[in-house]
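# Tertiary structure, described
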Amino acid sequence: MTTSAHISQARIERSIQARFNPLASLTPPRLVAQLDAFNAGYLAEAARTWDAMLRRDDRLPALAHKRFSAVARCGFDVVSVDCGGDNAKEAEAKEHARRIEYFLNHITATNAQDENQRGGFQLLVRQMATAIGMRYAVHEIAWQPGPEGLTATFRHVPLWFFENRTGRLRFLEQDDVAAGVEMPEDEWLVTVGPGLMEASSVAWMYKRLPLRDWLAFSEKFGFPGVLGKTDAAKNSPEWKAMEDAVRSFANEFGAVCSRTDAIELIEAKSGGTTLPFEPLIERMDKALAIMWRGGDLGTSSGTGAASTGASLQGDETRTLEQADAAWLSEALQTSVIRQVIERHFGAGTRPLAYVQIRTRDRRNTRLDLEMFKTLSGMNVPLSVRYVLERFGLKYPRPGAQLLARP
């Protein structure tokens, strides 16, 4: 069994104890500096800020969770490559597929900073999918050979444990160092995604500013002010009585002045114009929804002409889900599956099977069946393997019990 050799428990404890709220003092200039530093390879500050946004914003957590979960919930298939009728290669491909399937069904995924989080393949894919927002998702791999086959534990490591100043991620052995150490490919899984949090953090800031101003406006003008007017001399008993009356009515928004005895309500008026806070906030929320889910929140329902928007949003969301599944499958194949095959069959062995992350099947199954029946009736040659894969089915193993023909 290969144990973790890079991240000590003491390092994790120091990182947890040093946690702070990076959003409390975040300003537009500071955010710009963090984004510039991230693109220069200094990842820590921006990564901590993005992590806090993904936990504390009122929209981002839901949008991100839906995107990450959509690609992880349907499982995987292991597909053998077409060996062109070579029986020896076909047998080798089946053995490759068996080894890969065992490996993926027995992996363990956890979180370096929260080992209460444990799971299998689905959790691993969700963690890898965080690269959609954070640009990179990094796992430390602990290989675990056993009598029945090879498996591994994947520890999801926070992005602020790394730097990218040379164009390749390097591990920071201490929090206060700038230069990291090289990361062997057989010990780390690095997933690279679109990095939506760079743009999302800008939208978050544009939303936070009007939200803060709107809150200040509501605190100041949410309750009417009270103006007390009196002809009494200042600081006379009558004046003090008016002050007491105003104080009992006002919510830190009151005053007393000389004139006739009266108490009035002071209300903030916009002069017939709409306050700008809400449209700005809605604009940023729509921008976040488009970035993460492929459609704004307003296109999720509608009738008539509006229903076309809902259909377009569904198409865009489906396209994103399929694209996410494709690049995550490639990341697993090139970084993990290749090593699984080489560890079983020797260095340089080319995998004859590949992993394919499933997505929700939105195809018209009835139409596919009719098409295959028509093509078969026209004596068009169809591969049994292709037809089975079209419906997400696996070729039965030798000796497996088969359904009887009706």
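A brief report on the enclosed structure follows. (Residues numbered from 1 in each chain as written. Predicted model: local features only at pLDDT ≥ 70, side-chain atom pairs only at ≥ 80, totals over all residues. Heavy atoms only, no water.)

Attention now moves to the side chain of S15. Relative to the elements of secondary structure, S15 occurs in helix α1 (residues 9-17). A distance of 2.5 Å separates a polar atom in the side chain of S15 from a polar atom in the side chain of Q113. Setting aside residues no more than four positions away along its own chain, S15 makes contact with Q113, W160 and F161. (Helix = DSSP H or I, 4+ residues; strand = E, 2+ residues; numbered from the N terminus. Polar contact = N/O pair within 3.5 Å; in protein donor to acceptor, adjacent residues only side chain to side chain. Contact = heavy atoms within 4.5 Å.)

Here we take up the environment of V32. Tracing the backbone shows V32 in helix α2 (residues 28-39). Along the sequence, V32 and E198 sit 166 residues apart, while their C-alpha atoms lie 9.9 Å from each other.

In this section: the packing of aromatic side chains. Counted under the stated rule, the structure contains nine aromatic pairs. Each member of the aromatic cluster is reached from another via a ring pair, and the members are F38, W50 and Y136. (Phe/Tyr/Trp six-rings, centres within 6.5 Å; stacked < 30°, edge-to-face > 60°.)

All right, on to α2 then. Over its 12 residues, α2 extends 17 Å from the first C-alpha to the last, a length consistent with the 16 Å expected when each residue adds 1.5 Å. Downstream of α2 by one or two residues, G41 has phi in the positive range, about 105°. (Expected span 1.5 Å × (residues − 1).)

Another aspect to go through is the pattern of salt bridges. Inspection of every chain in the model, using the stated rule, returns 18 salt bridges. Residues R170 and E163 are paired through a salt bridge, measuring 2.8 Å at the closest nitrogen-oxygen approach. Grouping residues by exposure puts R170 and E163 together as buried. Salt-bridge contacts for E185 lead to R338; the nearest nitrogen and oxygen are separated by 3.7 Å. Of the two residues, E185 is situated in the loop between β7 (170-171) and β8 (188-192) and R338 in helix α11 (residues 305-345); the sequence distance between them amounts to 153 residues. Looking at R338, the relative accessible area reads 27%, which means it is partly exposed. Members of the salt-bridge network, linked through shared partners, are D57, D58, R59, K207 and D285. (Salt bridge = Lys/Arg side-chain N within 4 Å of Asp/Glu carboxyl O. Buried < 20%, exposed > 50% of the residue type's maximum accessible area, 1.4 Å probe, protein only.)

Within a sheet, each strand pairs with its neighbour through backbone hydrogen bonds, oriented either parallel or antiparallel. Pairing is mixed in the open sheet, where five strands are placed in the order β3-β2-β5-β4-β8. A strand with exactly one partner marks an edge of an open sheet, and here the two such strands are β3 (114-119) and β8. Across the sheet, the mean angle separating the axes of adjacent strands is 25° when strand polarity is ignored. Here nine bridges tie strand β4 (residues 136-146) to strand β5 (residues 149-157), and the two strands are oriented antiparallel to one another. Bridged to Q144 within β5 is T151. Where helix α5 (residues 87-106) meets the sheet, its contacts fall on β2 (108-111), β4 and β5, and the angle it forms with β5 comes to roughly 40°. (Pairing = 2+ DSSP bridges. Axes fitted to C-alpha atoms, helices over the stretch in contact; angles between N-to-C directions.)

Turning next to unusual backbone geometry. Phi at R135 is positive, roughly 80°, even though this residue is not glycine. Mapped onto the elements, R135 comes out in the loop between α7 (131-134) and β4. Although it is not a glycine, N379 adopts a positive phi angle of roughly 60°. For N379, the position within the fold is in the loop between α12 (365-377) and α13 (384-390).

It is the contact of helix α4 (residues 60-72) with helix α6 (residues 121-129), at a shortest axis distance of 8 Å, that shows an interaxial angle of 135°. Classified by the interaxial angle, the pair formed by α4 and α6 is oblique. As for how α4 packs across α6, the hand of that crossing is right-handed. Note on element contacts: α6 touches α4 through Q122, V125, R126 and A129, opposite F68, S69, V71 and A72. The class makeup of the residues in the contact of α4 with α6 is five nonpolar, two polar and one charged. (Parallel < 35°, antiparallel > 145°, perpendicular 65-115°, else oblique. Left-handed = near helix turned anticlockwise from the far one by under 90°. Nonpolar A, V, L, I, M, F, W, Y, C, P; charged D, E, K, R; others polar.)

Below, the discussion takes up the pairing of β2. Every second residue of β2 is oriented toward a common face, with T108 and T110 on one face and A109 and N111 on the other, all of them buried. Of the strand pairs in this sheet, β2 and β5 are connected by four bridges, and their pairing is parallel. Within β5, the residue paired with T108 across the bridge is T153. Note: β2 against β3, three bridges, orientation antiparallel. Within β3, the position partnered with N111 by the bridge is D114. In this structure, the hairpin formed by β2 and β3 is closed by a connection of two residues.

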